[in-house]
Every structure is written in structure tokens, then in C-alpha cells.
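Architecture and fold: a report
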Amino acid sequence: MARSQTLHEYNIPRLNGWFAALSVLMVVCVIGMVVDDYNRDWKRYQRDYYRLERERLQKAEAQELEKIGPQQLDAARQAVTQAQAELQGHQDRLAAAQARLHQTSGDWYVRDQSSRFLKAAYDVVKYEFGAAQERHDADAAMKLRSKIEGMEDELSRRRLASEAAAARRDSVSAQLADITRQHDDAAAKLDELTKSVRTMEKRLLKIAPTFSNRLLNFAMLDFIAPSIRIQQVLPPNLTYTVNFGVTARIDRCQTCHLAIDKAGWEDAPQPFRTHPKLDLFVGSNSKHSLADFGCTECHGGRPNGLDFNRTAHTPNDEEEAARWRKQYGWKPMHYWEWPMFAAHNYESGCLKCHQGTRHIGGAPQYDRGRDLVERSGCYGCHKIAGYEGLPKIGPSLLQVARKLTPAFAYRWINDPKLVRAHSKMPRVFNLENVVGEYRGDADYWSKRSAAEVNGIVAYLFDKSARGAYAMPAGQRGNAARGKELFESIGCRACHMIGPEQDAKQDWAVTPRERGPNLEAVATKTSPEWIFNWIRDPRQYDSKTAMPNLRLTEQEALDVTAYLTTLRGSDDTPYRRSAPDSAMVEAVIMDYLTNTQPVAVAREQLTKLAAHQRAVLLGEKIIARQGCFGCHEIAGFEKTLPIGTELTEEGSKPVARLAFNNVRLEPSLEAWLTHKMLHPRNFDEGMHMLPGEKARMPEFGFSEPQAQAIVGNILAWSKNTVPLDRTKRVDSRGELIAKGERLIAFRNCRGCHVIEGEGGAIYDVIPEPAMRPPNLANEGAKVQPDWLVEFLHGPFPIRPWVQVRMPTFGFTPEEAGTAANYFMALAKKNDDPYPLPALQSFPHAKDGAQFFAIYKCQQCHPAKVTAASAADRSQLAPNLAMASKRLRPDWVVAWLTDPQTQMPGTNMPTFFYADGEYFFPEAPQHIEALRDYLMTFSSQVASSSSQRGSAKGK
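Let me begin by describing the structure that accompanies this report. (Residues numbered from 1 in each chain as written. Predicted model: local features only at pLDDT ≥ 70, side-chain atom pairs only at ≥ 80, totals over all residues. Heavy atoms only, no water.)

All told, the structure shown has 40 salt bridges when counted by the stated rule. A salt bridge links Glu 53 to Arg 203, with the shortest nitrogen-to-oxygen separation between them at 3.0 Å. With a gap of 150 residues between them, Glu 53 in helix H3 (residues 41-68) and Arg 203 in helix H7 (residues 195-207) connect regions that are remote in the sequence. The shortest N-O distance in the salt bridge between Glu 487 and Lys 483 comes to 3.9 Å. Of the two residues, Glu 487 and Lys 483 are both situated in helix H16 (residues 479-488); the distance of four residues between them amounts to about one turn of the helix. What you see here is one network of salt bridges that share partners, running through Asp 107, Arg 111 and Arg 168. (Salt bridge = Lys/Arg side-chain N within 4 Å of Asp/Glu carboxyl O. Helix = DSSP H or I, 4+ residues; strand = E, 2+ residues; numbered from the N terminus.)

This paragraph deals with the state of the cysteines. Following the criterion strictly, the structure yields zero disulfides and no others. Considering cysteine sulfurs only, Cys 253 is the nearest to Cys 256, which forms no disulfide, with 8.8 Å between them. Counting only cysteine sulfurs, Cys 494 is the nearest neighbor of Cys 751, a cysteine outside any disulfide, at a range of 6.6 Å. Residue Cys 751 is classed as buried on the basis of its relative accessible area, which comes to 13%. (Disulfide = S-S within 2.5 Å. Buried < 20%, exposed > 50% of the residue type's maximum accessible area, 1.4 Å probe, protein only.)

Turning our eyes to something else, we now look at the packing of helix H4 (residues 70-89) against helix H6 (residues 138-193). In the contact formed by H4 and H6, the axes pass within 9 Å of each other and the chain directions differ by 155°. Viewed along their axes, H4 and H6 adopt a mutual orientation that is roughly antiparallel. Here the hand of the crossing between H4 and H6 comes out left-handed. Of the residues in H6, those in contact with Gln 72, Leu 73, Ala 76, Arg 77, Ala 79, Val 80, Ala 83, Gln 84, Glu 86 and Leu 87 of H4 are Ile 179, Thr 180, Gln 182, His 183, Ala 186, Ala 187, Leu 190 and Leu 193. Taken together, the residues of the contact of H4 with H6 sort by class into 11 nonpolar, five polar and two charged. (Axes fitted to C-alpha atoms, helices over the stretch in contact; angles between N-to-C directions. Parallel < 35°, antiparallel > 145°, perpendicular 65-115°, else oblique. Left-handed = near helix turned anticlockwise from the far one by under 90°. Contact = heavy atoms within 4.5 Å. Nonpolar A, V, L, I, M, F, W, Y, C, P; charged D, E, K, R; others polar.)

Bringing helix H5 (residues 91-135) into the picture now. Here H5 is 45 residues long and its end C-alpha atoms lie 66 Å apart, about the 66 Å a rise of 1.5 Å per residue gives. The complete set of buried residues in H5 reads Leu 94, Ala 97, Thr 104, Asp 112, Ser 115, Leu 118, Tyr 122, Val 125, Phe 129 and Ala 132. Those residues of H5 that are buried lie in contact with H4 and H6. Of the residues flanking the end of H5, it is His 136, one or two places downstream, whose phi is positive at about 60°. (Expected span 1.5 Å × (residues − 1).)

Moving on, we get to the side chain of Asn 345. One can find Asn 345 in the loop between helix H11 (318-328) and helix H12 (364-376). The residues touching Asn 345, leaving out its near neighbours within four places in the chain, are Glu 669, Gln 707, Gly 711 and Leu 714.

The tally for this structure, following the rule as stated, stands at 34 aromatic pairs. Consider the rings of Phe 308 and Trp 324, whose centres lie 5.0 Å apart with planes at 85°: the pair is edge-to-face. Here Phe 308 is found in the loop between helix H10 (296-299) and H11, whereas its partner Trp 324 is found in helix H11, with 16 residues between them in sequence. Given a relative accessible area of 15%, Phe 308 falls into the buried group. Three or more aromatic residues link up through ring pairs in this structure, and these residues are Phe 850, Tyr 854, Phe 910, Phe 911 and Phe 919. Sitting over the face of the ring of Trp 412, Lys 524 holds its NZ or CZ atom 6.0 Å from the ring centroid. (Phe/Tyr/Trp six-rings, centres within 6.5 Å; stacked < 30°, edge-to-face > 60°. Lys NZ or Arg CZ within 6 Å of the ring centre and 35° of its normal.)

Two elements in contact, H16 and helix H18 (residues 553-563), have axes separated by 7 Å at closest approach and are oriented at 95°. The angle between H16 and H18 places the two elements in the roughly perpendicular class. Every residue of H18 that contacts H16 at Ala 479, Arg 481, Gly 482, Lys 483, Leu 485 and Phe 486 is listed here: Gln 554, Glu 555, Asp 558, Val 559, Ala 561, Tyr 562 and Leu 563. Of the residues assigned to the contact of H16 with H18, the class counts are seven nonpolar, two polar and four charged.

Structure representation (C-alpha cells):
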């Protein structure tokens, strides 16, 4: 009976208890969720921002009121009050005028509308008349014409009535304005005084912590119209890839960085600080506006993240990382491929759009890194898009036996920086991953390194061209004269002697280190080689960057005599350690057994003599270490680079990096920086066979250098932007980029200032008149044909200058590249130079008179005499070649205002300053002087060229 009365299998009171408990738990969870959502970091940042903005606005309002002055403000308010009181006294007149204005305005409105309606009907009838004519319906056209004429009369009548009503309305309105004029003027003055204050008050009212604002910002109600809300931009046509899918880029960075595009917050704490350079970045009128580019396209990071740790921030250094860990519990965001660039690498994002550009204006860190990549020859071992076809940075070794001794080569290869402390040549042997005991032999690595270096030397000298250089018999040089020549003709633009340092830069190669430091050149090679090298560098290396200074035989002997005195501080003869024959055999077997059975390899080895074994070992080591990436080496002309391709290295996931036993922050930047500074350190503590060890050499980079290079590598990414956003290099940009590479390879900035940089030789030439010229605006200045001819065969333009423009042996293509570069810089590349015929210079006779009147010959002598050379600071170029050398339009611009063409020039201003000419006839004088210069005889220039070639000047 009891069982039949049970209607269910569960206990209702217990179920009610569980339901009550879970309901309470749900309410607690909902409350917790609401509280957590209300207290999210970005909401707290916005509340702090609005608090700071209120404080700033209140302070600005107080300053503005103080600027207006309480007396002036009170006076304006009293004027308004007085005007209002007087207006009350004319209330009857005011009411009557307002009533009349209402009546006349209504009358005008009715008449105006009547006129407009009739005009609309008139247009319809006129259209129908035109259609009837097109149909050739004469009857319909006649009726419609009659109707049109009647409507035109009525339309004219209604228009006149409307204009009369408008005149009555305007008359009443003027009467009303007379009544209220005093009050209106006083109110307008008060409004003008308090305009900025009222704007601040409106903004303050909008962000004030009122009840309604707080209510609308409260959780569960913040979907209505909150002031605290997610701020986001959707840059058009920008996407990113996540989980193999492409999604639109929606940047929410401004949710926290609220003042990023607002001026005036430059000194505010983060995240409220204004973005630097608003005229270039983020500002609404800048080239990189926030609406068009967002933030993460340039800076990286997770675009739709809101929390600090979900946006992939990257600290700038370990100190900042420690502070972030303490403040935010920060850690790298694993598995996100595009972390934010650290502050010192923010320029890495520029390359996405500025593709193909060698130097990016406004990105000095990136530009220095690119220079380091080129000057260190990274592209010799690593394939890098954009670096194809660059020359090898090391000297050719095809004739090394004619230049060096095997003992010097051994010492140099073993450790270049022991021979020359600032050498670009990296250290390959005896590094940290090849030290210590190996298989019970404490000397294994030192013996192996000695065997490998000896092998390289044996191979290079075995494959080298032979034949000794000679010097003129019975002739000797004068070292003192040679030193004077070395100091004066331009050698110091590329070479240093001794421990000279350029304190202004901390980069791998300064312009005066483009060539090797010659501190101990006498211990490196023979006088015969030095003599023949400086007379004609291309006979030894056809691709060398070393130019020909056109030295006479005696000058070359003198310079050779001087250079052979440079033996450095350590004059100890170079010695070559003999290799351990057993080690040589063991290393060769390591290589041979990689591709063939042990027995076959051993049989092959037994057939080789000791020298052949050394040569074979050298070939294997050169192939493994990639020496051919920097040097021309016989037998390796077509060998592919040995390093990993770096074209998209900036996109490599951290999970693919081998940190091994090295404790680093798990990020690509940290790994790359450590690799630059300690390239073999990742082998530490790892059990590896000799052939498995890292082979990247040690360049001795400083930390700033390493960071600059890493900044470039991080920019080499597969994360690109659409073509419509890419600042693609146009034809002019291509000419500039190509010319910049030639300028860098030839080290033109060692002597000249180009694009505001260079002139390194100025440090050793204190007298400005004796320095090589500043090439600012060169493309607008000279005729391209003359420039190409000059580059092929330089001759003196300022004969008193001792520094010689070298003969670089430019090919026609290279000379054209240099000329096009300067023309493109001056935006003259699309302007074929049409040299006007002589008869197009009609004022040459007048120009000759002005040339004498202005005493131009005093500074521009046709011939430099001993007397004129006494004050070289006042001398200027010989103008005999002006007709062939200079552009007529540049001559006009130069004579008008020399300082705009070359700031700092000694050329005085005779005609123009501060936006106006000194006298009305000045333009005619300038044109006459231009005509005279363009008709100069070119015989002097030609004879100077011939004499210069004959004398080697």
C-alpha cells in the first residue's frame, strides 16, 4: 500500500534544498561576473583617463578664465545684464516688431511657395513642349507654346510679389535688430570671450561622474550609451592570418591608449601618452593615420585583445620585463605568431609597406641595421630577398699567393682580430663550442682547428694564381713625401691607421673604415705588392672597391715607402703551426665517410700525399664554413650559400627555435639577439659530433649593433599588406635605391656629404676650402652627360684642392647608375636635359659686363697662382667649364639665392634675400650672367682635363 502511494523516486525536500543552494550559488556567480567585468583593466584605465582629462580640463578652464581676466569677464556679463534690462523697457516695441516679423515672414513664405509651385509646373509644360517638337507634333507644340507664354507672365507676377514680401520682411527684421542690437552685441562679445571655456564645460559635462553616466556604465546596462566602452578601428582592406584563416584586422589598442592621437598628452603616464610624431603617425592628417593603418599593422601584437597579457606586449629590456611580471603577471603569449615589437624595434614594422626601399626616412635604427647587414655580408651565407646581386664584401682570394705569405694567412684565418682589432672579418675558429676535452683528448679541438686552418691555407695557395710583382729597378721612394701624400690625396677617407675610433658611431664600419686599417700593413704583404696595388688595384682584383688615385710612378714609390714603415705594435714574425698528421687524416675521414663507405674513403685517403690531403681538407672546410660567401675562391664560383634563408625569418614561431641549455626569454628577438652576440653558445652542454656543431662565425657585434640587425630580421616577415597599401618603389625610387648601393660600395660618403650624410674625411681636413665638395642638389646642378664623362675620367675642378677624385673604373652602366641617382634625388630623372643652343642666350654680352662689375673673377680664377693660392678659403671653382658642366636653370637658382642650393656656402648673395630682389633689374642681371656662363669657351676645361690626365692630378 505504501509503495503504491509513492509517486516519484526522489526526495522533494532534499531536491528543494539543492535547488535553493544552487540558486544562491548562481546569484553569487552572476554578481561575481558583473563585478569582474566592471573591474576589468581597460575599464579602470578609461576611468583613470577621464579623471585625468577632467583635471586637465578644469586646470585649462581656470587658466583660460585667468587669461580672460575677472574684470573683463565681469564687465562683459554686466553689459549683457544691462542690455537685457534696457530691452525690457522696450517690450511693447519688441513684441510689436516680432508680431510684424511673424506676419511678413508668413506672407513671404506663402508667396514664395506659390512662385516655386508655378515654376515646377512651368518646367513640366516646357519639357512637354520639347517632346512635342521632337515628335514633330505641330498642333500640340502650338498649344503648349501658348500655355508657356501665359505661365511666364504669371510666374513673373508671382516672383515680383514674392520679392516685395521679402523686402517687407527684411525691413521689419532690420527694425527688430535695431531694438536688440545692444543686447546682441554684448552677448556676442561674452560668447567670444568664453567660447573656449564653454567648449571645455561641454566636454566636462559629458565625462562628469554623474548618476546617469555611472548608471549607463554599469554592467548589464552598458549596452545602451556608455562613456566607458571598447574603442576600435577597422583599417580598410587590412587582414591577418590566424588558424589558417584570414580575418579582418580590428584594432582595439585605443581602448587603453585613449590619447594616442591627441596632442597635449606627450608627458602623460602610459597608457595615456600621445603617439610621437603626430604629423607623421596616427594623427588624422598624417600619412599613417589611425583610421587607415590602426596600430598592430605597424607595431605587431594581437589586434582584438583587451587585457595587457592578451595583446602580446613585448618588453624593451629585462628591467621592464621584471616590472611587468610584478605588475601584470606578464609572460610571453605563446603560439601567437605576431608579438608586438619591443620599443627599440618599432621601426621593424615599416618594411611591410616600404618594400624595395633601401633607406626609410624617419627610421634610423632600421637604416643602420640594413647598413650593418650589408657591411657584414650576411647575404653571403643567407639568402635574403632584396639583397640579391650585391658584391662580396671580402677581397678576392684568386691571387692570394701574390699578396700574402702562408704564415700571415694562417694567423689571420685563425683569429683576424688578433691581427687587426676592428676587422670586419669574423672569427671562425677556436670559439666557445670547440674548446675543452673531446673523447678523452684535452687538446682535440686545438689540434683540429690547427689542421683545418692549415688546410684552408693549403687550398687557397694551391689554387691561387702565381707570379711575383716587381718594382722599378734602381728607384726608391721617400717615406716622408709618401706620408704627406697619404694624408692629403684622400686615402684617409677609407683607411685608418692604428686605434683610431669614430666616437660618433657604434656600428660595424664607419666610412673611414670602409677599407682595412693599415696599422701593420708592412707585416702583411710585400712592398712590391703594395706598389702595384696602389698604382692599379684592378690588376689584382677586377671587382675591388679600391679606386685608382692616378699616382705617378714616383708618387706610388713614395706612398709604398711610407706604408712599409707601418709595422704595428707587434712586430713579431708570423709563424704557422704544423698540423698533426693524424688529426688531418681523422678530419678528412669525418667528411669522406658522410658520402661513402669507410673502406672506400680510407682507400681514397691512402692515395693522397700530405700536401694533397691538406688541400682536400681545406676544400671541405671552406665548403662547410662558407668562406666563398664573402670571398672569390677558385672552385666555389657557383656554390650555393650555406646558411638558412632569412627572407621570412621574422615570422618564425618560437616553438621552432632551439634554445637548448641557454636560459632566455622565449621570444624570437631574444634568440636572435643572443645568436648575434654569442653565435656558438647554443651548443653549450649539448653532445654533438664535430660536423653537427654550429658554424656561424663571431663578428664581435656590440649590443646596439646586434639590436639593429635583429630589428631588420624581425621585419623580414611573411605578414604583408595589400598592394594598395604598399609604398611601392616607383622608377625614381628604384634609381635612388640602386644608386645608394653603388654609393655605399664605392664609399662616396667617405669624402662627400650626400643627402646630408658623410664627409668622414672632413675630420682630418680642418680647412673647408680643401675639402671635397658637398654634393647636395648635384642632380639639379650638373648636366648628366658631363657627370657621366667626369666619372669615367675625373679632372680637377678646384685645382688647389689636394684630395683627388679617384678613377673608380666605372662601367658605363655604373656611371649611368650614379648619374641617374643624383638626377632622381633632384627629381630630374624624368626631365631629359635639353641644352639650349648658343643663340638662345641673347644677353651674353651684358653678362660679360656684369661678370666684371661683380668681380666674379676674384673668387673664380681661370688659373690659380701662388698669390691667389695664399687665401684658398676665398677660392671657388673655375667657371671655364660651366657651359658643359652646369644646368642653366640651376645657374639662375644659384645666383638668385646660393644658400637655398647649398647651405653654408661662401658664395655671397648679390640679388635676392628674404623673399624679394634687392633692385628691380636683378632678374635681368641674373639671366645675363647665366647667358654669359653658358657661352664660355670650353677650351680651358679641355686642356685642364688633358693636363690632369698627363700629370695624374
